[in-house]
Amino acid sequence: MPKLKLKSIELTYFRGATLPVKIDFAPDKKVTMIYGENGCGKSSVVDAFDFLCEQDFGSLNDRKGADKDLLTSITGTSDQLRVKLTADVGTWEAQLKPGSKTIIVKPSSGCPDARILRRSNILRLIDEIPSKRFEALKEYIDVSGIEKCEKTLGDAIRLKENELASHIQSFAQAENSLAQMWVAEKSPGKSAEKWAEEESAKDATQLQSTSAEVGKLLSAIADLERLKEAREKMLKRVSDASSAHKTALDEQKAEEKKFIGENPAVLELLRRAREFVVGNPDKICPVCQQTADNAHLTQELEKRISAMSALTIATNKTDAAKRTLDAANAQLASADTQFIESAEKAAPKFTASKLPPVIAAKLPATEFGQIINVSLDLGVRVAALLKIIALLEPLKITLEAHRKSADTTIAQRTAIASQLKQIKQSRLAQETTTALLGKMRLALDVVGATRKAFVKEVLDAISTEVKTLFAKLHPKESLGNIKLSLDTDNFGSLHLHGDFHSVKDVPPQSVFSESHLDTLGFCVFLALAKHYKTENTIIILDDVLTSVDAQHLDRFINLIHDEEQHFSQIIITTHYRPWCEKYRHHRAPGNKVHFIEFRGWALESGIRVQQMKLCLDELRQALTVPPFDRQIVASKSGIFLESMLEFLARMYECRLPLKARSGYTLGELTTCFSSKKLLPALTIERSTIQKDAVGKDQEIWVKMPLAPLIAQIKEWAEVRNLVGCHFNELGALSVDKDVEELAKATLALGDTMVCPDGGDFPSRDVSGSYHETKSKKVRLHPFVEPS
Amino acid sequence: MSNPNQIVAERIVAALEAKDILLPASTKGLAGKLEVGRYSSSDWVTLFGLDDKTRKQNAKAETQKH
């Protein structure tokens, strides 16, 4: 149930409010009409509601290229801008965050929910393409958050489907590989997987141990062969060195034969003598003191020295060869030592080995004993080793074959185990993923169905409401049955369909008139607002009717008053004076409406507000509140009288002269009830509540004939023309008392005919036997002119 | 006015629980995330994975009771 009652809204430097302005609402009236001609500031007030209640820039958002800085009036600054709303349940104030376009509302909660319908919204609802229409209704049916999640769920499903395909492929590959291995093994057991289970269960430790032992033995053999090869190189080197030494020795001996009897020390003496002779030009020999031929002596000395040098070279060469031989022998001894040491380490591996190839090789134990016996000569041990090595060569081949067999078996079991593991993992992954996918697909169905059902539910409910509302506005017009639907293939597109005479399910914009489309847009808006209303919802209709015929305007007004109960407040802004005048002249339940009139806007004065009254109240005020203005009282009485009498004349189709110009004089209207049967029958019946004998409320209908009231009016009608209409001398002769009597007679008729609750005349004919007001508390008899 | 996303999110969670697609223990906080559209593909996979784990734990606990 609507709870909130608006008290006032204050605009400070907001839009057209160049000066602060406060608009008071009447808390006892659910409908407020703000009337004003174009450019008076009506939309500024609507924007203020948008600003505060919806944190929105209002009509500035609807206008392309609008400068949002102009939210602030041109006389103020953005930090001065304020909108303050007061209701019975609290007060809220909105302003712009300094230096930004962010709207701050304090307090942030409890603010009324304002549903605003502007003409631009109607156009968007009706005329736009389906996607734009969706935008207009988006806030009601937008489930984009859900859509995003629905899409990610779809993506997750595709991801898992790909994973499942991958698991299936891995399973197939592993199964195929295992099957091939199984067939290669002659398909033992019941199935490849059973066989694989058995093979995988076998202990591979022995095979791994065998492979490792064979590896160690082969490594030992390789070491011994390498050392043997190194030793052989050493032997060759000793042999070569020995040959070189023997050759050098032979050459030395040959040179020595050439100098038998010569002391080798003579060579040194000869060299020194040559140095002396060359260095001493004296021709006397220092040994024999004889004259000597230095040149000849030097020549002779050179010859002898040269001959003895060859022997020296041969001797040096022999010495060098000997040293090389000694070194080679030392290296050989070292190689033998290494050879034996390695064999010492390897020997237990062979003697202790239980491997079939080793046993089959029958390696001699004696030689192994000699190898490890350190007391034996190295040569003996090496000889024993060489015997063993000769036997190791064929053993090496059998060992390699033995290891290969073990390794192959290990590799096959590893491959079997790997494929089996892959099969199990893939199978488990398939099962898990399939189960997951099943749930995710179900979830996707749930998400999609729930989303679609919600949107359909909303649209169906709205469609039903729109149909009802539209039928109220356009009864018996062979159009309606409005339906809203979402495009199933293209989310975000909203379609509108309706019936037009015999044509069913067509877009209304292609067959409806402009005014029908306007009312359709209004109905869609109202249906949505009604569907989503809260206890604090207020409806604001911003200049939604531009032109409409009297019949449809009456229905529109009736619809608003039928629906007002659903909302906290309905605020109407309009520049359409006939709408306003309908209320003022009691042709609609004006007592239910709080009227506010905006006068012409000016920069200096801003939005100017004044209260507006119904004709009956205006006249009463003019009569009773000083200063008394006889011309105004007479004029207002006359116009109100014309309004009431014209209402009655139309109701009973009274005879009036046909004129080129519309409108009738007061005189014509007071005399048109000339029928002898109508005037006496004209009666108002009013409902009043009285206490009965036991103090209980009881409804009493009081009959009030109109003939005496009309007769009284006839008596004073002339005063109106004399005082309130024209300049004439007779007017000056009329006293104020006459004017007051005219006004009193007018008020008497008005108070009789106007409903005290609704403020309307009894114009409804739903009963079929009398006319009544909307509240049904005032009736007019007869229903038709008595024949 | 209730947010349409919020309404649908709550209905989805209720439907998932009612159809036994998810356990109530797994749907805690789910509606809030769905409402704002912040539920990624991996979140969905994790959700169902966790739910599976919860189901297994529940089954195990049930077995131990008997």
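Every chain begins its residue count from 1, and numbering advances along the sequence as written. Numbering of ligands from 1 and lettering of chains from A proceed in the order in which they are written. With pLDDT at 70 or above as the cut-off, local features in this predicted model cover only qualifying residues; side-chain atom pairs require 80 or more to be listed or tallied, and sums for whole chains, interfaces and linings still use all residues.

## A few points about the overall build of chain A
Quick reminder of the rule: To qualify as a helix, a DSSP run of H or I must reach at least 4 residues; to qualify as a strand, a run of E must reach at least 2; elements of each kind are numbered from the N terminus. Any residue with 12 or fewer other C-beta atoms within 10 Å of its own C-beta is exposed, any with 20 or more is buried, and the rest are partly exposed; the C-beta atoms used are placed from the backbone. It is the C-beta atoms, placed from the backbone, that decide contacts: two residues are in contact if theirs lie within 7 Å.
Helix and strand counts for chain A come out as 22 helices and 18 strands. Residues counted as buried form 32% of the 787 residues belonging to chain A. Put simply, 68% of the contacts in chain A that link residues at least 6 apart link residues at least 24 apart.

## Thoughts on the overall build of chain B
When helices and strands are tallied, chain B shows three helices and zero strands. Reading the helices (α) and strands (β) of chain B from amino to carboxyl end gives α-α-α. Relative to its 66 residues, chain B shows a buried fraction of 27%.

## Description of the environment of V83 of chain A
Residue and element names in this part refer to chain A. Note on placement: V83 falls in strand 4 (residues 82–87). Linking V83 and T12, residues 71 residues apart in sequence, is a C-alpha distance of 6.2 Å. With residues up to four places along the chain from it excluded, the contact list for V83 reads L11, F14, A48, F51, L52 and A94.

## Some words on the nonpolar core
Residue and element names in this part refer to chain A. Just so we agree on the cut-off: In this description, a nonpolar core means buried residues of the types Ala, Val, Leu, Ile, Met, Phe, Trp, Tyr and Cys, linked to one another by C-beta atoms lying within 7 Å.
Membership of the largest hydrophobic core comes to 146 residues, with the highest contact counts inside it found for M33, A48, L52, C523 and I540. When neighbours within four sequence positions are excluded, A48 is seen to be in contact with I9, L11, F14 and V83. Listed in part, the 29 residues of the second largest apolar core include L217, I221, M234 and F368.

## Remarks on the interface of chain B and chain A
The cut-off we apply is this: Side-chain classes are defined by residue name, with Ala, Val, Leu, Ile, Met, Phe, Trp, Tyr, Cys and Pro counting as nonpolar, Asp, Glu, Lys and Arg as charged, and the others, Gly among them, as polar.
Between chain B and chain A, the residue contacts involve 22 residues of the former and 28 residues of the latter. Taken together, the elements giving at least two residues each to the side of chain B that touches chain A come down to helix 1 (4–18), helix 2 (30–35) and helix 3 (41–65) of chain B. With nine residues, the single largest contributor to the side of chain B that touches chain A is helix 1 of chain B. Grouping the amino acids of the side of chain B that touches chain A by side-chain chemistry returns 15 nonpolar, four polar and three charged.

## Quick word on the pairing of strand 1 (residues 6–12) of chain A
Residue and element names in this part refer to chain A. Rules: Pairing between two strands requires that DSSP report at least two bridges joining them.
Pairing analysis gives six bridges linking strand 1 to strand 4, with the strands arranged antiparallel. When the bridges of strand 4 are listed, I9 appears paired with L85. As judged from the four bridges shared by strand 1 and strand 2 (residues 21–24), these two strands associate in the antiparallel manner. Within the sheet, the bridge partner assigned to E10 lies in strand 2 and is K22.

## Focus on the sheet that holds strand 2 of chain A
Residue and element names in this part refer to chain A. Counted only if it meets this: In this analysis, axes come from line fits to C-alpha atoms, helices being fitted only over the stretch in contact, and the angle between any two N-to-C directions falls in the range 0 to 180 degrees.
A sheet is described by the order of its strands in space; here five strands give the open sequence 2-1-4-5-6, paired in antiparallel fashion. Two strands close off the open sheet at either side, each with one partner strand: strand 2 and strand 6 (103–106). Averaged over all pairs of adjacent strands, the angle between strand axes in this sheet comes to 15°, irrespective of strand direction. Those strands touched by helix 1 (residues 42–53) are strand 1, strand 2, strand 4, strand 5 (90–96) and strand 6, and its axis lies near 100° from that of strand 1.

## Here's the deal with the pairing of strand 15 (residues 683–691) of chain A
Residues and elements named next belong to chain A. With nine bridges joining them, strand 15 and strand 16 (residues 697–705) adopt antiparallel strand pairing. Pairing of E685 across the sheet is with K703, part of strand 16. Two successive antiparallel strands, strand 15 and strand 16, enclose a turn made up of five residues, where G695 displays a positive phi of approximately 80°. Sheet topology note: the strand 15/strand 18 (residues 778–781) ladder contains four bridges and is antiparallel. When the sheet's bridge partners are listed, E685 is paired in strand 18 with R779.

## What about the packing of helix 12 (residues 378–473) of chain A against helix 1 of chain B?
Packed helices, taken two at a time, are described by the angle between their axes plus the distance between the axes. Here is the rule we go by: Each angle receives one of four descriptions, namely roughly parallel if under 35 degrees, roughly antiparallel if over 145, roughly perpendicular if within 65 to 115, and oblique otherwise. By the definition used in this description, the sense in which the near helix is turned from the far one sets the handedness, with an anticlockwise turn below a right angle giving left-handed and a clockwise turn giving right-handed.
Following both chains from N to C, one finds helix 12 of chain A and helix 1 of chain B inclined at 140°, their axes separated by 9 Å at the closest point. What the angle tells us is that helix 12 of chain A and helix 1 of chain B run oblique. In this structure, helix 12 of chain A crosses over helix 1 of chain B, and the sense of that crossing is right-handed. Taken together, the residues of helix 1 of chain B that come into contact with helix 12 of chain A (itself represented by A443, V446, V447, T450, R451 and F454 of chain A) are P4, I7, V8, R11, I12, A15 and L16 of chain B.

## Examining helix 5 (residues 144–184) of chain A
Residues and elements named next belong to chain A. Note the threshold: One less than the number of residues in a helix, times 1.5 Å, gives the span that helix is expected to have.
Over its 41 residues, helix 5 extends 60 Å from the first C-alpha to the last, a length consistent with the 60 Å expected when each residue adds 1.5 Å. Among the residues of helix 5, those classed as buried are G145, I146, C149, E150, L153, A156, K160, H167, A174, L178 and W182. Among the residues trailing helix 5, K186 stands out with phi positive, at a value near 70°.

## Description of helix 4 (residues 130–141) of chain A
We count it as follows: Read the arc as the range of directions from the helix axis to the C-beta atoms.
Along its twelve residues, helix 4 of chain A runs just 14 Å from first to last C-alpha, ending more than 12% under the 16 Å computed at 1.5 Å per residue. Those residues of helix 4 of chain A lying buried are R133, F134, A136, L137 and I141 of chain A. Taken down its axis, helix 4 of chain A places every buried residue within 160° of arc, on the same side. On its buried side, helix 4 of chain A packs onto helix 3 (119–126), helix 12, strand 9 (494–500) and helix 13 (514–531) of chain A together with helix 1 of chain B.

## A few points about the environment of L153 of chain A
With respect to the element layout, L153 of chain A can be found in helix 5. For the pair L153 of chain A and L444 of chain A, spaced 291 residues apart in sequence, the C-alpha to C-alpha distance is 6.6 Å.

## Brief notes about the sheet that holds strand 13 (residues 593–602) of chain A
Residue and element names in this part refer to chain A. Spatial ordering of the open sheet is given by 7-11-12-3-13-14, a layout of six strands whose pairing is mixed. For this open sheet the edge positions go to strand 7 (113–118) and strand 14 (606–611), each flanked by a neighbour on one side alone. Averaged over neighbouring strand pairs, the angle between their axes works out to 20° when direction is ignored. Taken together, the five bridges between strand 13 and strand 14 define a ladder with antiparallel strand orientation. Within strand 14, the residue paired with A602 across the bridge is G606. Across the face of the sheet, helix 15 (residues 577–584) comes into contact with strand 3 (31–36), strand 12 (569–574) and strand 13 while running at roughly 130° to strand 3.

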